[in-house]
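# Summary of structural features
Residues per chain are reported as follows:
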Amino acid sequence: MRLLLVEDDVALRDGLQQALSVQGFAVNSVGTGQQALAAVRSGDCDAVILDLGLPDIDGLSVLKQLRQKQQRMPVLILTARDGIDERIKGLDLGADDYLVKPFAAPELFARLRVIERRLGTASSHLIRCGEVELDTTAMQLQSGGISVSLSRREYVLLKELMESAGRVKTREQLEASLYSWGEEVASNALEVHISNLRKKLPGDFIRTVRGVGYSIARP
(Lines give C-alpha, C1' and ligand atoms only; values in the text may rest on other atoms or scores of the structure.)
Protein backbone atom coordinates (compact mmCIF):
# COMPACT_ATOMS: atom_id res chain seq x y z
CA MET A 1 0.00 0.00 0.00
CA ARG A 2 1.28 3.45 -0.94
CA LEU A 3 1.00 5.94 1.91
CA LEU A 4 1.13 9.73 1.81
CA LEU A 5 2.40 11.04 5.14
CA VAL A 6 1.41 14.67 5.76
CA GLU A 7 3.42 15.96 8.73
CA ASP A 8 5.25 19.28 9.16
CA ASP A 9 7.51 18.10 12.02
CA VAL A 10 10.57 17.03 10.03
CA ALA A 11 12.04 14.75 12.71
CA LEU A 12 8.74 12.95 13.28
CA ARG A 13 8.07 12.74 9.55
CA ASP A 14 11.47 11.21 8.80
CA GLY A 15 11.20 8.76 11.70
CA LEU A 16 7.71 7.65 10.71
CA GLN A 17 8.66 7.29 7.07
CA GLN A 18 11.54 5.00 7.99
CA ALA A 19 9.45 2.95 10.44
CA LEU A 20 6.59 2.53 7.99
CA SER A 21 8.98 1.51 5.22
CA VAL A 22 10.38 -1.24 7.44
CA GLN A 23 6.79 -2.47 7.89
CA GLY A 24 6.45 -2.91 4.15
CA PHE A 25 4.65 0.30 3.19
CA ALA A 26 5.75 2.55 0.33
CA VAL A 27 5.79 6.00 1.95
CA ASN A 28 5.98 9.44 0.39
CA SER A 29 5.87 12.48 2.65
CA VAL A 30 5.03 16.18 2.47
CA GLY A 31 4.95 18.98 5.03
CA THR A 32 2.08 21.24 3.91
CA GLY A 33 -1.59 20.96 3.07
CA GLN A 34 -1.13 22.28 -0.48
CA GLN A 35 1.52 19.65 -1.18
CA ALA A 36 -0.80 16.98 0.21
CA LEU A 37 -3.69 17.98 -2.03
CA ALA A 38 -1.40 18.08 -5.07
CA ALA A 39 -0.04 14.60 -4.27
CA VAL A 40 -3.54 13.15 -3.89
CA ARG A 41 -4.62 14.73 -7.19
CA SER A 42 -1.66 13.09 -8.93
CA GLY A 43 -2.85 9.65 -7.80
CA ASP A 44 0.42 8.78 -6.04
CA CYS A 45 -1.11 7.21 -2.94
CA ASP A 46 -3.64 4.64 -1.72
CA ALA A 47 -4.16 6.15 1.75
CA VAL A 48 -3.26 9.31 3.67
CA ILE A 49 -1.86 9.83 7.18
CA LEU A 50 -2.84 13.41 7.96
CA ASP A 51 -1.58 15.73 10.71
CA LEU A 52 -4.02 18.54 11.55
CA GLY A 53 -1.53 21.23 12.65
CA LEU A 54 -0.11 22.13 9.23
CA PRO A 55 1.63 25.48 8.56
CA ASP A 56 -0.45 26.62 5.57
CA ILE A 57 -3.91 25.00 5.76
CA ASP A 58 -5.59 23.45 8.76
CA GLY A 59 -5.67 19.66 8.42
CA LEU A 60 -9.47 19.55 8.72
CA SER A 61 -9.71 21.90 5.72
CA VAL A 62 -7.35 19.61 3.82
CA LEU A 63 -9.58 16.66 4.71
CA LYS A 64 -12.69 18.52 3.57
CA GLN A 65 -11.14 19.43 0.21
CA LEU A 66 -9.78 15.91 -0.22
CA ARG A 67 -13.22 14.42 0.38
CA GLN A 68 -14.72 16.65 -2.32
CA LYS A 69 -12.38 15.05 -4.88
CA GLN A 70 -11.57 11.60 -3.42
CA GLN A 71 -14.53 10.20 -1.52
CA ARG A 72 -13.05 6.72 -1.15
CA MET A 73 -9.45 7.60 -0.24
CA PRO A 74 -8.73 6.25 3.29
CA VAL A 75 -7.53 8.97 5.67
CA LEU A 76 -6.05 8.38 9.11
CA ILE A 77 -5.73 11.53 11.20
CA LEU A 78 -2.60 11.69 13.34
CA THR A 79 -2.61 14.69 15.66
CA ALA A 80 -1.95 16.13 19.10
CA ARG A 81 -5.53 17.44 19.26
CA ASP A 82 -7.10 15.03 21.72
CA GLY A 83 -10.40 16.77 22.47
CA ILE A 84 -13.53 14.75 21.84
CA ASP A 85 -15.02 17.56 19.74
CA GLU A 86 -11.96 17.51 17.44
CA ARG A 87 -12.25 13.76 17.03
CA ILE A 88 -15.94 13.96 16.21
CA LYS A 89 -15.34 16.78 13.73
CA GLY A 90 -12.58 14.83 11.96
CA LEU A 91 -14.66 11.67 11.71
CA ASP A 92 -17.74 13.59 10.56
CA LEU A 93 -15.68 15.24 7.80
CA GLY A 94 -14.77 11.81 6.46
CA ALA A 95 -11.69 10.53 8.30
CA ASP A 96 -11.54 6.75 8.53
CA ASP A 97 -9.57 6.69 11.78
CA TYR A 98 -8.11 9.05 14.38
CA LEU A 99 -4.92 8.50 16.39
CA VAL A 100 -3.73 10.96 19.04
CA LYS A 101 -0.07 11.86 19.64
CA PRO A 102 1.87 10.53 21.42
CA PHE A 103 1.02 7.11 20.08
CA ALA A 104 2.51 3.64 20.04
CA ALA A 105 3.94 2.77 16.62
CA PRO A 106 2.55 -0.81 16.68
CA GLU A 107 -0.96 0.62 17.07
CA LEU A 108 -0.46 2.82 14.02
CA PHE A 109 0.81 -0.16 12.03
CA ALA A 110 -2.20 -2.25 13.11
CA ARG A 111 -4.68 0.46 12.11
CA LEU A 112 -3.00 0.77 8.72
CA ARG A 113 -3.21 -2.98 8.20
CA VAL A 114 -6.96 -2.74 8.77
CA ILE A 115 -7.17 -0.09 6.04
CA GLU A 116 -4.97 -2.20 3.79
CA ARG A 117 -7.22 -5.24 4.20
CA ARG A 118 -10.23 -3.12 3.34
CA LEU A 119 -8.56 -1.97 0.13
CA GLY A 120 -7.48 -5.51 -0.82
CA THR A 121 -9.14 -8.91 -0.80
CA ALA A 122 -7.72 -10.34 2.43
CA SER A 123 -9.97 -10.51 5.50
CA SER A 124 -7.30 -10.92 8.20
CA HIS A 125 -3.59 -10.47 8.85
CA LEU A 126 -3.09 -14.02 7.54
CA ILE A 127 -3.37 -14.02 3.77
CA ARG A 128 -3.73 -17.50 2.28
CA CYS A 129 -3.56 -18.36 -1.39
CA GLY A 130 -3.51 -22.13 -1.76
CA GLU A 131 -0.55 -23.54 0.16
CA VAL A 132 1.06 -20.11 0.52
CA GLU A 133 0.40 -18.13 3.72
CA LEU A 134 1.68 -14.64 4.48
CA ASP A 135 1.49 -13.29 8.03
CA THR A 136 1.45 -9.50 7.62
CA THR A 137 1.82 -8.89 11.36
CA ALA A 138 4.95 -11.02 11.81
CA MET A 139 6.04 -10.37 8.18
CA GLN A 140 6.63 -14.11 7.68
CA LEU A 141 5.92 -16.41 4.76
CA GLN A 142 5.11 -20.11 4.75
CA SER A 143 4.86 -22.15 1.58
CA GLY A 144 3.63 -25.71 1.93
CA GLY A 145 4.08 -25.43 5.70
CA ILE A 146 7.75 -24.46 5.36
CA SER A 147 9.03 -21.05 6.48
CA VAL A 148 10.56 -19.04 3.64
CA SER A 149 12.82 -16.02 4.10
CA LEU A 150 12.14 -12.88 2.07
CA SER A 151 13.96 -9.62 1.54
CA ARG A 152 12.02 -6.49 2.44
CA ARG A 153 11.13 -5.69 -1.16
CA GLU A 154 10.22 -9.31 -1.91
CA TYR A 155 7.86 -9.20 1.06
CA VAL A 156 6.30 -5.91 -0.06
CA LEU A 157 5.83 -7.19 -3.60
CA LEU A 158 4.31 -10.50 -2.53
CA LYS A 159 2.00 -8.77 -0.05
CA GLU A 160 0.80 -6.39 -2.75
CA LEU A 161 0.00 -9.29 -5.08
CA MET A 162 -1.63 -11.49 -2.43
CA GLU A 163 -3.70 -8.62 -1.00
CA SER A 164 -5.01 -8.11 -4.53
CA ALA A 165 -5.50 -11.79 -5.39
CA GLY A 166 -7.69 -12.14 -8.44
CA ARG A 167 -6.71 -8.73 -9.82
CA VAL A 168 -3.97 -7.82 -12.25
CA LYS A 169 -1.38 -5.41 -10.86
CA THR A 170 0.41 -3.36 -13.50
CA ARG A 171 4.14 -2.86 -13.56
CA GLU A 172 3.66 0.79 -12.62
CA GLN A 173 1.45 -0.08 -9.62
CA LEU A 174 3.94 -2.63 -8.32
CA GLU A 175 6.93 -0.32 -8.73
CA ALA A 176 5.01 2.41 -6.87
CA SER A 177 4.47 -0.01 -3.98
CA LEU A 178 8.20 -0.78 -3.81
CA TYR A 179 9.80 2.63 -4.15
CA SER A 180 9.23 6.10 -2.70
CA TRP A 181 9.64 9.36 -4.59
CA GLY A 182 13.17 10.06 -5.70
CA GLU A 183 14.43 6.49 -5.37
CA GLU A 184 16.37 5.33 -8.40
CA VAL A 185 14.76 2.25 -9.96
CA ALA A 186 16.72 -0.01 -12.33
CA SER A 187 14.80 -0.88 -15.49
CA ASN A 188 14.73 -4.60 -14.67
CA ALA A 189 14.39 -4.33 -10.87
CA LEU A 190 10.78 -5.55 -10.79
CA GLU A 191 11.55 -8.55 -12.99
CA VAL A 192 14.48 -9.48 -10.73
CA HIS A 193 12.26 -9.41 -7.63
CA ILE A 194 9.55 -11.46 -9.40
CA SER A 195 12.14 -14.00 -10.52
CA ASN A 196 13.53 -14.34 -6.98
CA LEU A 197 10.03 -14.78 -5.56
CA ARG A 198 9.15 -17.46 -8.09
CA LYS A 199 12.12 -19.52 -6.95
CA LYS A 200 10.65 -19.54 -3.42
CA LEU A 201 7.01 -20.22 -4.35
CA PRO A 202 5.02 -23.00 -6.08
CA GLY A 203 5.20 -23.10 -9.87
CA ASP A 204 2.84 -20.69 -11.66
CA PHE A 205 1.88 -19.03 -8.35
CA ILE A 206 2.72 -15.61 -9.79
CA ARG A 207 1.27 -15.28 -13.27
CA THR A 208 2.53 -12.94 -15.95
CA VAL A 209 -0.14 -11.01 -17.83
CA ARG A 210 1.77 -10.16 -20.97
CA GLY A 211 2.00 -6.46 -21.67
CA VAL A 212 0.16 -5.55 -18.45
CA GLY A 213 1.72 -6.90 -15.25
CA TYR A 214 1.33 -9.78 -12.79
CA SER A 215 -1.39 -11.49 -10.80
CA ILE A 216 -2.09 -14.24 -8.28
CA ALA A 217 -5.24 -16.30 -8.63
CA ARG A 218 -7.94 -15.71 -6.04
CA PRO A 219 -8.04 -18.75 -3.70
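Residues numbered from 1 in each chain as written. Predicted model: local features only at pLDDT ≥ 70, side-chain atom pairs only at ≥ 80, totals over all residues. Heavy atoms only, no water.

Time to look at the sheet that holds strand β9 (residues 146-148). Pairing in this open sheet of four strands is antiparallel, and the strands run β6-β7-β8-β9 from one edge to the other. Whereas interior strands pair on both sides, the edge strands pair on one side only; in this sheet they are β6 (126-129) and β9. With direction set aside, neighbouring strand axes in the sheet form an average angle of 25°. Note: strand β7 (residues 132-135) against strand β8 (residues 140-143), four bridges, orientation antiparallel. Pairing of E133 across the sheet is with Q142, part of β8. The sheet contacts of helix α6 (residues 152-163) involve β6, β7 and β8, and relative to β7 the element is tilted by about 110°. (Pairing = 2+ DSSP bridges. Helix = DSSP H or I, 4+ residues; strand = E, 2+ residues; numbered from the N terminus. Axes fitted to C-alpha atoms, helices over the stretch in contact; angles between N-to-C directions. Contact = heavy atoms within 4.5 Å.)

A separate point is the pairing of β8. Going residue by residue along β8, you find L141 and S143 tucked away on one face and Q140 and Q142 left uncovered on the opposite face. Note that β8 and β9 share three bridges and pair antiparallel. Pairing of S143 across the sheet is with I146, part of β9. (Buried < 20%, exposed > 50% of the residue type's maximum accessible area, 1.4 Å probe, protein only.)

A word on the UniProt feature "modified residue: 4-aspartylphosphate" (unreviewed entry) in the chain. Under the UniProt annotation, "modified residue: 4-aspartylphosphate" (unreviewed entry) lies at D51. Examined against the element boundaries, D51 turns out to sit in the loop between β3 (47-50) and α3 (59-69). Residues in contact with D51, not counting those within four places in the same chain, are V6, E7, D8, G59, L78, T79 and K101. (UniProt positions renumbered as here; feature names shortened; annotations may be inferred.)

Core analysis: the biggest nonpolar cluster contains 25 residues, and L158, M162, F205 and I206 have the highest contact counts within it. Among the secondary structure elements, those contributing two or more residues to this core are β6, β7, α6, α7 (171-178) and α8 (189-200). When residues of this core are assigned to their parent elements, the largest contribution, six residues, is made by α6. Among residues more than four places away in sequence, those in contact with F205 are C129, V132, L158, M162, S215 and I216. V40, I57, L60 and Y98 belong to the second-largest nonpolar core, a separate cluster that totals 23 residues. (Core = buried A, V, L, I, M, F, W, Y, C linked by side-chain atoms within 4.5 Å.)

If you trace the three strands from one edge of the open sheet to the other, you get β10-β12-β11, paired in antiparallel fashion. Two strands in the sheet have a free side with no partner beyond their single neighbour: β10 (168-170) and β11 (207-209). Within the sheet, the average angular offset between the axes of one strand and its neighbour, ignoring direction, is 35°. As judged from the three bridges shared by β10 and strand β12 (residues 213-215), these two strands associate in the antiparallel manner. Counterpart to T170 in the pairing with β12 is G213.

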